[in-house]
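Report on the structure
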Amino acid sequence: MTDDPDAGDDDWHYAPAKSLRGALQRGHGAAGAWAATHPVAPDLVLECLHRDYRWDRQVDERTVFLARLVLDLGLSVDPVVDQVRAGRKTGYDGNRFGQAVDVLATVALAHVPAAADALRQYVGEGERWLDVLHTVVGTWPRAWWDDLAPIVAGRAADAAREDVAALEEPWLSWAGRDRRIDVLLERAQPSFDWQCPSRLHHDTPVTALLGLLADPDAAPGTLSAVLHEFARHRDPEPRLLDVTDPLAARPDVQRIGLFPVLQKLGPRTTRHARQWARDPAHPLWWRAVVTLAEHGEAVDVPALLAALDHLDSDTDDWCGYDALARGFARLGVAEVAPRFRSLWRHSPHSYERTSYLEVLLALDPDATRQELPEALSDCESDVRLLAAQHAPLTGEVRRQLVRLRDSAIEHTAVRAAAALRLASE
């Protein structure tokens, strides 16, 4: 980890997972639980606010975790506000702006006026005001943002049409309220000229479609359209497996849409998957591994263990373990429990931690339940949900469940699970 928080995105690394800094970077519940009951250097939290440490920003969660740290430590929101004000439309900032906006919007739910006021002010003055507007609309109750309409109307002429989703809030609520907003919405009306890629093949018999797929000279566009037809508009067709291997050998296999068709076939591909799974270099290797994890039998455990070894050999990627975890849990492969316990602690890819917890609950339930109290503070809402449902009901766990139940920043499903657990005991 570099000591310079403004260093380039390639100049840092995750701190050791067993350290408080490393656990905070990973959004691990152990760090959240510690911060809730012990003094923590504010700089450690500000680091995580300043830099987005998520492995995959599309799926990994951090917002509630970071907002809770701000609230638990009683931190001033001023550094986060400054981070928002520094946001610009041009140049890559590592999502510093977006993360700061998300955290402020969530902190505001806990009735922190400085957080709400800063975002409301930014909508009226800031450069990336539409991004902030859409965040607060998606986070706050309507009564908190509805009165921003006049401010937005005054800036509507400067809004780019591609930044406005006319069929979503707040625009649905504000349509007809101010002519300046209506003009913007007229410019932003979506185009409906999209046509299904497979429209020319909707009435083509299956045998003819299979013939097109078997043609070695077929254009990529034709193959893509036919595969789209099978994936979206036809019943699962086992005869597709007769043409799968030559299609998989094509250099453009990633683009023509073969994988959704195989996924739709589900367990029908198991016999073929056993062949594809033998070679990690095979273009369908991972699709085969997922199929065996979902539908395989005890005979497929060695292939899944080999796949687990293969993922472990790539130290630059943390993705894919979740699919294997579900397979090992389903097949009862207890020997992998220590490896997933290590992943639970070390992986920065927090989205997959739910599957690690599920496999550990299935394969090593007694030891895993003892770790669930700290999982109540994890960054992933699904992890907190599992912990709320299964953590041993000690006095401390009950206190944490009350906290989750009553938290203004917690996800609805987690609050409901905490309430149900408390009411049932």
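Keep in mind it's a predicted model, so treat the numbers as computed, not measured. (Residues numbered from 1 in each chain as written. Predicted model: local features only at pLDDT ≥ 70, side-chain atom pairs only at ≥ 80, totals over all residues. Heavy atoms only, no water.)

Across its full length, the chain carries 28 helices and 0 strands. Based on the C-alpha atoms only, the size of the chain along its principal axes is roughly 65 × 60 × 50 Å. Buried positions account for 49% of the 425 residues belonging to the chain. When the accessible surface of the chain is totalled, it reaches about 20,400 Å², and 52% of it is carbon and sulfur. In the chain, the 47 positive side-chain charges and the 65 negative ones have mean positions that sit 3 Å from each other. (Helix = DSSP H or I, 4+ residues; strand = E, 2+ residues; numbered from the N terminus. Buried < 20%, exposed > 50% of the residue type's maximum accessible area, 1.4 Å probe, protein only. Areas by Shrake-Rupley, 256 points an atom, 1.4 Å probe, with all protein chains shown as cover. Lys, Arg positive; Asp, Glu negative; His and termini not counted. Charge placed at Lys NZ, Arg CZ, Asp CG, Glu CD.)

So, on to the side chain of Asp300. Looking at where Asp300 falls in the secondary structure, it is placed in the loop between helix 19 (285-295) and helix 20 (301-313). A distance of 2.8 Å separates the side chain of Asp300 from the backbone nitrogen of Glu297, its partner in a polar contact. Excluding its chain neighbours within four sequence positions, the residues that come into contact with Asp300 are Arg274 and Leu292. (Polar contact = N/O pair within 3.5 Å; in protein donor to acceptor, adjacent residues only side chain to side chain. Contact = heavy atoms within 4.5 Å.)

Topologically, Tyr321 is positioned in helix 21 (residues 321-331). The class of Tyr321 is buried, set by a relative accessible area of 3%. Expressed as a C-alpha distance, the spacing of Tyr321 and His28, which sit 293 residues apart in the sequence, is 17 Å. Beyond its immediate chain neighbours, meaning those up to four positions away, Tyr321 contacts Leu308, Leu311, Asp312, Phe340, Leu343, Glu352 and Tyr356. A distance of 2.6 Å separates a polar atom in the side chain of Tyr321 from a polar atom in the side chain of Asp312.

Okay, helix 12 (residues 179-188) next. Here helix 12 has its buried residues at Ile181, Asp182, Leu184, Leu185 and Ala188. Looking straight down helix 12, one finds that the buried residues subtend no more than 160° of arc, so they occupy a single side. Sitting at the amino-terminal end of helix 12 is Asp178, which places a side-chain oxygen 2.8 Å from the backbone nitrogen of Arg180. (Arc of directions from axis to C-beta.)

Between Glu169 and Pro170 the backbone carries a cis peptide bond, its omega angle lying at 5°. Along the chain, the position of Pro170 falls in the loop between helix 10 (149-155) and helix 11 (171-174). Its identity as a non-glycine residue notwithstanding, Asn95 has a phi of 70°, on the positive side. Relative to the helices and strands, Asn95 resides in the loop between helix 5 (78-85) and helix 6 (96-109). Although it is not a glycine, His111 sits at a positive phi angle of roughly 60°. Its location among the elements puts His111 in the loop between helix 6 and helix 7 (113-125).

Moving on, we come to the confidence of the model for the chain. On average, residues of the chain score 93 in pLDDT, and 97% of them reach the 70 mark or higher. Contacts of residues 1-8 to residues separated by more than four positions or lying in other chains number 19 contacts, the stretch itself having pLDDT below 50. (pLDDT = per-residue confidence, 0-100.)

So, about the pattern of salt bridges. Close approach of charged atoms allows side chains with opposite charge to pair. In this structure the tally under the stated criterion is 28 salt bridges. A salt bridge links Glu47 to Arg21; the shortest N-O distance between them is 3.0 Å. Of this pair, Glu47 sits in helix 3 (residues 42-50) while Arg21 sits in helix 1 (residues 20-25); the two residues are 26 residues apart in sequence, bridging distant segments of the chain. On the basis of relative accessible area, Glu47 is assigned to the buried category, the value being 18%. In this structure Arg21 comes out as partly exposed when scored by relative accessible area, which is 31%. Its salt-bridge partner being Arg274, residue Asp300 comes within 2.6 Å of it at the nearest N-O pair. Here Asp300 is found in the loop between helix 19 and helix 20, whereas its partner Arg274 is found in helix 18 (residues 270-276), with 26 residues between them in sequence. Under the relative-accessibility criterion, Arg274 is labelled partly exposed at 28%. Each of Arg341, Arg345, Asp364, Glu371 and Glu374 takes part in salt bridges that share partners, so that together they form one network. (Salt bridge = Lys/Arg side-chain N within 4 Å of Asp/Glu carboxyl O.)

Another point: the packing of aromatic side chains. The final tally for this structure, using the stated rule, is 11 aromatic pairs. Relative to Trp174, the ring of Trp145 has its centre 5.9 Å away and its plane inclined at 65°; by these criteria the two rings are edge-to-face. Of this pair, Trp145 sits in helix 9 (residues 142-145) while Trp174 sits in helix 11, placing them 29 residues apart in sequence. Across this residue pair, the class does not change: Trp145 and Trp174 are buried. Here Trp171 and Trp174 contribute two aromatic rings whose centre-to-centre distance is 5.9 Å and whose plane-to-plane angle is 90°, an arrangement assigned as edge-to-face. With Trp171 and Trp174 both in helix 11, this residue pair falls 3 residues apart, about one helical turn. Since its relative accessible area comes to 0%, Trp174 is described here as buried. (Phe/Tyr/Trp six-rings, centres within 6.5 Å; stacked < 30°, edge-to-face > 60°.)

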